[in-house]
Amino acid sequence: MELLEKLKNNDKLSIQEFEYLIKNRNNFYDDFANEALKIRKHYYKTDVYFRALVEISSFCKNDCFYCGLRHSNKNAHRYRLSKEEILQSVDGSYQRGFRTFVLQGGEDSEITDEFLIDLIKEIKSKYSDAAVTLSLGERDFSSYEKLKNAGADRYLLRHETNDENHYSKLHPKSMSLDHRKDCLKNLKSLHFQTGCGMMVGSPFQTDLTLAKDLYFIQELQPEMVGIGPFIPADNTPFEKYEHGDLDLTYFLLAMIRLIDHKALIPITTALSTLDKDSIVKGLAVGGNVLMPNVSPVENRKNYSIYNDKKDFEIQISGNFEKLKEKIEALGFNPNMSIGNYGE
Ligand code: 5AD
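Residues numbered from 1 in each chain as written. Predicted model: local features only at pLDDT ≥ 70, side-chain atom pairs only at ≥ 80, totals over all residues. Heavy atoms only, no water.

Under the annotation held in an unreviewed UniProt entry, the protein chain carries the name [FeFe] hydrogenase H-cluster radical SAM maturase HydE and is attributed to Finegoldia dalianensis.

(A) Broad picture of helix α5 (residues 113–126). Taking 1.5 Å per residue as the helical rise, α5 with its 14 residues ought to reach 20 Å, and the 20 Å between its terminal C-alpha atoms agrees with that figure. Considered for burial, the residues of α5 that qualify are D113, L116, I117, L119, I120, I123 and K124. Buried residues belonging to α5 abut α4 (83–95), β3 (100–105), β4 (131–135) and α6 (141–150). (Helix = DSSP H or I, 4+ residues; strand = E, 2+ residues; numbered from the N terminus. Expected span 1.5 Å × (residues − 1). Buried < 20%, exposed > 50% of the residue type's maximum accessible area, 1.4 Å probe, protein only. Contact = heavy atoms within 4.5 Å.)

(B) Local environment of the site of the ligand. By nearness alone, every residue bordering the ligand is listed as Y66, C67, R158, E160, M199, P229, F230, I231, I305 and Y306. One of the side-chain nitrogen or oxygen atoms of E160 is found 2.5 Å away from an oxygen atom of the ligand. The separation between a nitrogen atom of the ligand and a polar main-chain atom of I231 is 2.7 Å. Protein burial of the ligand: of its 410 Å² of free accessible surface, 87% is covered by the chains. Taken together, the residues of the shell around the ligand sort by class into eight nonpolar, no polar and two charged. (Near = heavy atom within 4 Å. Polar contact = N/O pair within 3.5 Å; in protein donor to acceptor, adjacent residues only side chain to side chain. Areas by Shrake-Rupley, 256 points an atom, 1.4 Å probe, with all protein chains shown as cover. Nonpolar A, V, L, I, M, F, W, Y, C, P; charged D, E, K, R; others polar.)

(C) Local environment of the sheet that holds strand β9 (residues 333–335). Across the sheet, three strands lie side by side as β8-β1-β9; this open sheet has parallel pairing. Edge strands, defined here as strands with exactly one partner in the open sheet, are β8 (289–290) and β9. Where strand β1 (residues 47–50) lies against β8, two bridges are found, and the strand directions are parallel. By the bridge assignment for β8, Y49 is matched with V289. Of the strands in this sheet, β1, β8 and β9 are in contact with helix α14 (residues 319–329), which crosses β1 at around 160°. (Pairing = 2+ DSSP bridges. Axes fitted to C-alpha atoms, helices over the stretch in contact; angles between N-to-C directions.)

(D) Structural detail: the environment of V280. Tracing the sequence through the fold places V280 in helix α12 (residues 278–284). You can call V280 partly exposed: its relative accessible area is 38%. For the pair V280 and L330, spaced 50 residues apart in the sequence, the C-alpha separation amounts to 7.2 Å.

(E) Looking closely at the pattern of salt bridges. As enumerated under the stated definition, the model contains 24 salt bridges in all. Of the charged contacts, one joins K23 and E19 as a salt bridge, the two residues approaching to 3.7 Å between their closest N and O atoms. On the criterion of helical spacing, the pair formed by K23 and E19 is a turn pair, its members being four residues apart in helix α2 (residues 15–23). The salt bridge involving D63 is made with R70; its shortest N-O contact spans 3.6 Å. Taken together, the shared-partner salt bridges connect E5, K8, E35 and K38 into one network. (Salt bridge = Lys/Arg side-chain N within 4 Å of Asp/Glu carboxyl O.)

(F) Just helix α10 (residues 246–259), in detail. End to end, α10 covers 20 Å across 14 residues, agreeing with the expected 20 Å (1.5 Å per residue, within 8%). Among the 14 residues of α10, 13 are classified as buried, and the element is accordingly described as predominantly covered. Between the side-chain oxygen at the start of α10 and the backbone nitrogen of D247 there is a gap of 3.2 Å, and the oxygen is on D245.

(G) Region of the structure containing the sheet that holds strand β7 (residues 224–229). With respect to topology, six strands assemble into an open sheet ordered β2-β3-β4-β5-β6-β7, the strand pairing being parallel. The outermost strands of the open sheet, each flanked by one partner alone, are β2 (52–57) and β7. Strand-to-strand, the axes of this sheet are offset by a mean angle of 20°, without reference to chain direction. Where β2 meets β3, five bridges bridge the pair, whose relative direction is parallel. Paired with S57 across the bridge in β3 is G105. Running over the sheet, helix α9 (residues 207–220) touches β6 (193–200) and β7 and is turned about 175° from β6. Contacting β6 and β7, α10 crosses the sheet at an angle of about 170° to β7.

(H) How the structure looks around the packing of α2 against α10. Packing of α2 against α10 leaves a shortest axis separation of 11 Å and a crossing angle of 145°. Where α2 crosses over α10, the handedness of that crossing is right-handed. Here F18, L21 and I22 of α2 come into contact with α10, specifically with L248, F251, L252, M255 and I259. Across the contact of α2 with α10, the residue classes tally to eight nonpolar, no polar and no charged. (Left-handed = near helix turned anticlockwise from the far one by under 90°.)

(I) Structural view of the UniProt feature "domain: Radical SAM core" (unreviewed entry) in the protein chain. Under the present numbering, the feature "domain: Radical SAM core" (unreviewed entry) in UniProt falls on residues 46–268. The span residues 46–268 is 38% helix and 17% strand, and its two end C-alpha atoms sit 18 Å from each other. (UniProt positions renumbered as here; feature names shortened; annotations may be inferred.)

(J) The nonpolar core, seen in detail. Counting 96 residues, the largest nonpolar core has L103 and L214 as the members making the most contacts within it. Ranked by size, the runner-up nonpolar core spans nine residues in total, among them Y49, L53, M224 and V289. (Core = buried A, V, L, I, M, F, W, Y, C linked by side-chain atoms within 4.5 Å.)

See below:
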């Protein structure tokens with residue numbers, strides 16, 4: 001298959017070619033999934049990287065139509081972890097072997113540069129063999145620069161959709177795709193290992209908008225790509241929409257591996273929320289990262305991006321070991337090391 005050969009050789013595809021593959025995915029699924037798994041094994045053998053996810057704030061000034069944490073959701077419970085609470089989660093995870101801490105939150109103006117600089121410096125000085133990943137939304141260049149200088153290693157910022165019109169149907173007027181992409185370019189230029197991504201099956205998404213997403217990933221060459229199915233969230237404008245298609249999500253995971261051979265690709269919480277077999281199936285199409293939630297248990301239910309969110313429940317001791325056993329039983333190797341891109 002000519003397009004698969006192109007992807008194997010790292011040749012670029014056009015938006016039209018991506019759209020053709022997505023439209024006809026049923027014909028290509030098996031071959032593409034097999035090749036994605038081969039490529040992933042070539043670069044990362046059977047390693048599955050673990051990242052400790054700490055949800056540091058559920059406050060958000062934005063009003064994205066899909067997200068349960070949107071500003072106008074008056075029913076959302078809001079919390080913000082203190083520096084001490086964050087450090088406690090980080091310390092506990094370090095003891096359990098984690099060497100990447102992902103600090104994720106809504107766009108909360110109380111999470112200032114000063115707060116983060118202090119926090120990042122403290123984590124990095126205590127744990128020089130660990131990486132700090134931030135996932136805190138859009139900030140200006142000078143903020144990203146300060147966070148990088150403080151020692152942050154990676155930044156996750158999903159682009160959400162690479163189609164202007166689609167973007168405007170998912171977000172209020174105050175947000176723009178151009179600004180989102182500028183943020184990603186800034187992160188790249190500051191040498192953050194950078195992650196982008198999109199939901200699968202968000203309202204108004206089409207094969208063409210997805211093809212544009214793949215094209216964007218091909219252009220940006222991110223180190224990480226996170227995708228998961230859209231899941232309706234109560235008290236949002238999209239609460240009545242259908243969730244995203246699982247087979248399409250797995251196909252796109254394979255496509256992303258084929259586009260970006262060395263990418264770090266998580267099997268996301270959204271996927272695990274909808275599919276109890278997400279780990280088996282995600283690993284089979286080239287996924288190589290798991291991000292268990294290590295936030296304080298009492299806060300978890302309040303970080304409610306969408307309904308019925310699952311978090312691998314690793315805090316309940318024993319389950320984390322179970323997760324590792326499961327990975328091993330599938331012929332993969334749970335890898336707790338820092339797990340940088342391409343290493
Ligand atoms: N369903 C699935 N994913 C969602 N996100 C936000 N809301 C939803 C939802 N309802 C994703 C977005 C965001 C990330 C933190 O979570 O892609 O970037």
